[in-house]
Amino acid sequence: MSRWSVLRTAALTYFTVKAVILVVNAATFPRLQPAAPARRPRVSLLIPARDEAATLPVTLPGVLAQGADEVIVLDDGSADGTADIARSLGARVLTGQPLPPGWVGKPWACQQLAQAATGDLLIFTDADVRWHPGALDAVLHAGRVHHADLLTVLPRAENLRGGARVLTPLVDVVVLTWLPYPLLQLPLRLATTAHGAVMAVRAGAYHAVGGHACVRGDLLEDTQLARHLKAAGRRVVPALGQELIGIHMYGTYAQSVAGFSKNARGVHLGSRALMVALAAWHVAAYTLPWLRPARTRRDWMWRVLTLLERPAVNVLTRRTAPADLAEALLSPLTPLAALPAYRRALSGVARWKGRTYRQ
């Protein structure tokens, strides 16, 4: 058997396994659904914000309209008037304290928010998350139904334009084609994922593991906090935001590269070798079949499978506009577009929100 045939067989097997995982998740992965208002615990909606003056006028009104007991914005050293805008819109605003040694910016901001919060349920949500009408009731309902100590929501990507489409949707692809929901419910620490955009955690469970102090130096603080909670015997449940919770995470390709490079080392379990191996494999699996003439039916099948994955994931996450489904055409180019993010991650230096961290 030729080396090309071996590679093709490996790629076809890989795509088949990922398709099976996607089918399993289509049948089992929790989704937020509209829910009738019910008796609520005391809810604190907590927003860490650093230089979000352009974002908060779009997103904060939707958060305030949810009817939480308190909405607190922490201004983390912004230089653009973030605090004044948040205050004028009606949120309570805290002034963040200087970053202590050994801390990453977001965990420190969240720790301060939690110390100020009075809720029985703490919901950490990023400034760029869009809470649509009924979202809080849906989060509370999902938490009750699934008996979650931590409900983490994967928000639906919204308003993606241009180069931001290349890498940004890969968050959904990774979760839904690599991580079957039944596996995520096993009491295994590493069988855990979380999305820091929305983390609804019971206050008692949060404080029992030490809050964000237990992940003070982690750039992938969301998943690491979820792992600490699971290791403590708490129930961690991910859910899809669907039409109720969306996000405009990155506006450009360059921003998405910076974001992905910041998290890459944590996603790859801290292993440089694993990053290199997966970067090479993705180029082989997604790009190479388009660089060589398709001579057999199996070659054509391989090409088709590279194109089907992303639109199938987008259908599951309810991103079904023509432009969303057309992201399939980006699949052969995506591994090449991801290489700058891998290169940054391999350097061991992450730059985010005007701060530099050595990993």
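Criteria and thresholds
- All residue numbers here refer to positions counted from 1 along the written sequence of the relevant chain.
- Whole-chain, interface and lining totals are the exception, using all residues; otherwise, since this is a predicted model, local features are given only for residues with pLDDT of at least 70 and side-chain atom pairs are given and counted only at 80 or more.
- The basis for every side-chain value is the complete set of heavy atoms in the structure, and neither hydrogens nor water enter the calculation.
- Numbering of helices and strands starts at the N terminus; helices are DSSP runs of H or I of at least 4 residues and strands are runs of E of at least 2.
- When accessible area is computed with a 1.4 Å probe and restricted to protein chains, residues below 20% of their type maximum are described as buried, those above 50% as exposed, and intermediate ones as partly exposed.
- Whether two residues touch is decided by their heavy atoms; if any such pair falls within 4.5 Å, the residues are in contact.
- Think of it this way: Lys and Arg go in the positive column, Asp and Glu in the negative one, and His and the chain ends go nowhere.
- Positions of charges follow a simple convention, taking NZ of Lys, CZ of Arg, CG of Asp or CD of Glu.
- Aromatic rings from Phe, Tyr and Trp, taking only the six-membered ring of Trp, are treated as a pair when their centres fall within 6.5 Å; an angle between ring planes under 30 degrees marks them as stacked, one over 60 as edge-to-face, and anything in between as tilted.
- Note: two strands are recorded as paired if DSSP finds a minimum of 2 bridges between them.
- Here, axes are lines fitted to C-alpha atoms. For helices the fit covers the stretch in contact, and angles between N-to-C directions go from 0 to 180 degrees.
- In these notes the angle categories are as follows: under 35 degrees is roughly parallel, over 145 is roughly antiparallel, 65 to 115 is roughly perpendicular, and the rest is oblique.
- Just so you know the grouping, Ala, Val, Leu, Ile, Met, Phe, Trp, Tyr, Cys and Pro go in nonpolar, Asp, Glu, Lys and Arg go in charged, and all remaining residues, Gly too, go in polar.
- Patches here are clusters of residues that have more than 30% relative accessible area and form no salt bridge, with a 9 Å joining cutoff for like charges and a 5 Å cutoff for nonpolar side chains (Val, Leu, Ile, Met, Phe, Trp, Tyr).
- The accessible surface values rely on the Shrake-Rupley method and a 1.4 Å probe; as for residues, cover is taken only from the protein chains in view.
- We define a salt bridge as a contact between a side-chain nitrogen of Lys or Arg and a carboxyl oxygen of Asp or Glu at a distance within 4 Å.

1. A short note on the overall build of the protein
Within the protein, the secondary structure is distributed over 15 helices and 12 strands. Dimensions of the protein, computed from the C-alpha atoms along their principal axes, are close to 65 × 40 × 40 Å. For the protein, the proportion of its 359 residues judged to be buried stands at 55%. In the protein, the proportion of contacts linking residues at least 24 apart, taken out of those at least 6 apart, comes to 79%. Seen as two clouds, the 40 positive and the 23 negative side-chain charges of the protein have centres 10 Å apart.

2. Side note on the packing of aromatic side chains
This model, assessed by the stated rule, comprises 11 aromatic pairs. Note on Y14 and F15: the rings are 5.4 Å apart at their centroids and 65° apart in plane angle, and the pair reads as edge-to-face. With respect to burial, Y14 and F15 carry one shared label: buried. An angle of 50° between the planes, with centres 6.3 Å apart, marks the rings of Y250 and F260 as tilted.

3. Concerning helix α10 (residues 221-231)
A turn of α-helix holds 3.6 residues, and therefore any two residues three or four places apart point the same way. Counting buried positions over the 11 residues of α10 gives 9, a clear majority of the element. Residues E221, D222, T223, Q224, L225, A226, R227, L229 and K230 constitute the buried set of α10. At its buried positions, α10 is contacted by α4 (105-116), β6 (150-154), α8 (181-184), β8 (198-202), α9 (203-208) and β9 (236-240). A positive backbone phi angle near 85° is found at G233, which sits one or two residues after α10.

4. Notes on the sheet that holds β8
Spatially, 7 strands are ordered β3-β2-β1-β4-β8-β6-β9 in an open sheet, and the strand pairing comes out mixed. Two strands in the sheet have a free side with no partner beyond their single neighbour: β3 (92-95) and β9. Ignoring which end each strand starts from, the neighbouring axes of this sheet average 20° apart. By the bridge criterion, 4 bridges tie strand β2 (residues 70-75) to β3 in an arrangement that is parallel. Pairing of I72 across the sheet is with R92, part of β3. In this fold helix α2 (residues 56-64) packs onto β1 (43-49) and β2, with an angle of close to 150° to the strand it touches most, β2.

5. Some details on the sheet that holds strand β10 (residues 245-247)
Strand order in the open sheet formed by 3 strands is β5-β10-β7, with mixed pairing between adjacent strands. Only two strands of the sheet have a single partner each, and these edge strands are β5 (129-131) and β7 (156-157). Pairing of β5 with β10, which is carried by 3 bridges, proceeds in the antiparallel orientation. Of the residues in β10, the one forming a bridge with W131 is I245.

6. Focus on the packing of helix α1 (residues 3-28) against helix α7 (residues 170-178)
Describing two packed helices takes the angle between their axes plus the distance from one axis to the other. Contact geometry of α1 with α7 gives a least axis separation of 7 Å together with a crossing angle of 90°. Classified by the interaxial angle, the pair formed by α1 and α7 is roughly perpendicular. Only V173, V175, L176, T177 and W178 of α7 make contact with α1, whose side of the interface consists of Y14, K18, I21, L22 and N25. Residues belonging to the contact of α1 with α7 are distributed by class as follows: 7 nonpolar, 2 polar and 1 charged.

7. Describing the environment of L151
With respect to the helices, strands and loops of the structure, L151 is situated in strand β6. For L151, a relative accessible area of 2% translates into the label buried. Sequence-distant contacts of L151, that is, excluding residues within four places in its chain, are made with L32, V139, A142, G143, V198, M199, A200, V237 and A239.

8. Thoughts on a positive patch on the surface
Taken together, the side chains of R343, R344, R351 and R358 present a region of like positive charge at the surface. Along the polypeptide, R344 turns up in helix α15 (residues 334-346).

9. Focus on the environment of L32
In this fold, L32 is placed in the loop between α1 and β1. Judged by its relative accessible area of 4%, L32 is buried. Remark: the alpha-carbon pair of L32 and A213, spanning 181 residues in sequence, is separated by 29 Å. Look past the residues within four positions of L32 in its chain and what remains in contact with it is A138, V139, A142, L151, V153, A239, L240, G241, Q242, L244 and I245.

10. Describing the side chain of R156
Relative to the helices and strands, R156 is located in strand β7. Beyond its immediate stretch of four places on either side in the chain, R156 contacts Q242, E243, I245, G246, I247, T317, R318 and R319.

11. Here we look at the environment of L121
Considering the arrangement of structural elements, one finds L121 in strand β4 (residues 121-125). Setting aside chain neighbours within four positions, we find L121 in contact with P41, R42, V43, S44, L140, A200, V201 and R202.

12. Here we look at the pattern of salt bridges
Taken as a whole and judged by the stated rule, the model has 19 salt bridges. Here D69 and R42 are joined by a salt bridge, their closest N and O atoms 3.7 Å apart. In this pair, D69 is assigned in the loop between α2 and β2 and R42 in the loop between α1 and β1, connecting sequence segments 27 residues apart. Here D69 falls in the partly exposed class, since its relative accessible area comes to 41%. With a closest N to O distance of 3.6 Å, R202 and D149 form a salt bridge. Placement of the pair is R202 in strand β8 and D149 in the loop between α5 (135-145) and β6, with a sequence separation of 53 residues. We classify R202 as partly exposed; its relative accessible area is 39%. Connected through salt bridges with shared partners, the residues R165, R310, R319, D324 and E327 form a single ionic network.

Coordinates in, geometry out; function isn't part of it.
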